[in-house]
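Structural overview
So the chains spell out like this:
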Amino acid sequence: MPLHTEILRTARLDLIPLRVEHAEEMAAVLADPELYTFTGGVPATPESLRSRYARLVAGSPDPAVLWCNWVLRLRGAAADDGGGLLVGTVQATVTVPTAEVAWGVGTRRQGRGFAREAARELVRRLGEEPGVRTVVAHVHPDHRASAAVAAAADLSPTGILHEGEVRWQRSVGPQDVPTARPAPDHRPGRPAPDHRI
């Protein structure tokens, strides 16, 4: 199943592939202006979010780039507080060998570990994606909560700044690690060493 159409699951969340129909509920989830303190922008109306989601669902115009977007849906006991089932989003832009990830949880549901849980699962799954070797996130240097999410997903800050944000990254998937090869033994009658791994 292609990554962008796959449902991912954690202990409390279903990561559901984004649909245009999610715009109305997500507009309410993302309505607090404080969510945009570090990223800039303002809350989107349901109509503008619907247009944006339609573009995202249609996919990248560049065939070498895969856009993957999920909404975070609560399930089980976590969904019983009456606040709606959608709590946020995670996304990945995959340009092999790199996947850049981002996350966001509505203010009402912050502080419960949902972003950490979703980001960990997303990074884990990206590690299984053919060709993906590095997962990257960009976090504002003053955004402690987002830095904690990146750290929970085992990303590490690099000290590299990109548009005012710190690049965090982690190697995933099978890595090409050079192996030390033994020196050939040329004694007569001795077979040549087999260097296959």
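Everything discussed here concerns the structure shown above.
These lines cover the structure that appears in this document, whether it is placed above or below. Fair warning: this is a prediction, and the values are worked out from it, not measured in the lab.

1. Thoughts on the overall build of the protein
Across its full length, the protein carries 4 helices and 8 strands. A separation threshold of at least 6 residues defines the contact pool for the protein, and within that pool the share at least 24 residues apart is 63%. For the protein, the exposed surface amounts to about 11,500 Å²; the carbon and sulfur share of it is 54%.

2. Some points on unusual backbone geometry
With an omega dihedral of 15°, the bond running from Val96 to Pro97 counts as a cis peptide bond. Looking at where Pro97 falls in the secondary structure, it is placed in the loop between strand E4 (86–95) and strand E5 (98–105). A positive phi angle is found at Glu163, which is not glycine, with a value near 50°. Note on placement: Glu163 falls in the loop between strand E7 (156–162) and strand E8 (165–171).

3. Details of the pairing of strand E2 (residues 13–17)
Most of E2 is tucked away: 5 of the 5 residues are buried. Neither face of E2 is left uncovered, since the one carrying Leu13, Leu15 and Pro17 and the one carrying Asp14 and Ile16 both have all their residues buried. When strand E1 (residues 8–9) meets E2, the two strands line up antiparallel, connected through 2 bridges. From the neighbouring strand, Leu8 faces E2, where its bridge partner is Leu15. Where E1 folds back onto E2 in an antiparallel hairpin, the turn is made up of 3 residues.

4. Focus on the nonpolar core
Trp103 and Leu126 are the most contacted members of the largest nonpolar core, which has 35 residues in total. Among the elements of the structure, E2, strand E3 (66–74), E4, E5, helix H3 (114–126), strand E6 (134–139), helix H4 (144–152) and E8 are those that each provide at least two residues to this core. Considering each element in turn, this core owes the most residues, 7 residues, to H3. Counting 13 residues, the second-largest nonpolar core is a separate cluster that includes Ala23, Met26, Leu30 and Leu86.

5. As for the sheet that holds E2
Two pairing modes exist for strands in a sheet, parallel and antiparallel, and in both the strands are linked by backbone hydrogen bonds. Across the sheet, which stays open at both edges, the 8 strands sit in the order E1-E2-E3-E4-E5-E6-E8-E7 with mixed pairing between neighbours. Only two strands of the sheet have a single neighbouring strand rather than two, namely E1 and E7. Of the pairings in the sheet, the one linking E6 to E8 comprises 6 bridges and is antiparallel in character. Note on E8: the bridge partner recorded for Thr134 is Ser171.

6. Remarks on the pattern of salt bridges
In this structure the tally under the stated criterion is 12 salt bridges. In this structure, Asp14 engages Arg9 in a salt bridge whose closest nitrogen and oxygen atoms are separated by 3.3 Å. Glu128 is the salt-bridge partner of Arg125, the closest N and O atoms lying 4.0 Å from each other.

Definitions and limits used
- Residues numbered from 1 in each chain as written.
- Predicted model: local features only at pLDDT ≥ 70, side-chain atom pairs only at ≥ 80, totals over all residues.
- Heavy atoms only, no water.
- Helix = DSSP H or I, 4+ residues; strand = E, 2+ residues; numbered from the N terminus.
- Contact = heavy atoms within 4.5 Å.
- Areas by Shrake-Rupley, 256 points an atom, 1.4 Å probe, with all protein chains shown as cover.
- Buried < 20%, exposed > 50% of the residue type's maximum accessible area, 1.4 Å probe, protein only.
- Pairing = 2+ DSSP bridges.
- Core = buried A, V, L, I, M, F, W, Y, C linked by side-chain atoms within 4.5 Å.
- Salt bridge = Lys/Arg side-chain N within 4 Å of Asp/Glu carboxyl O.

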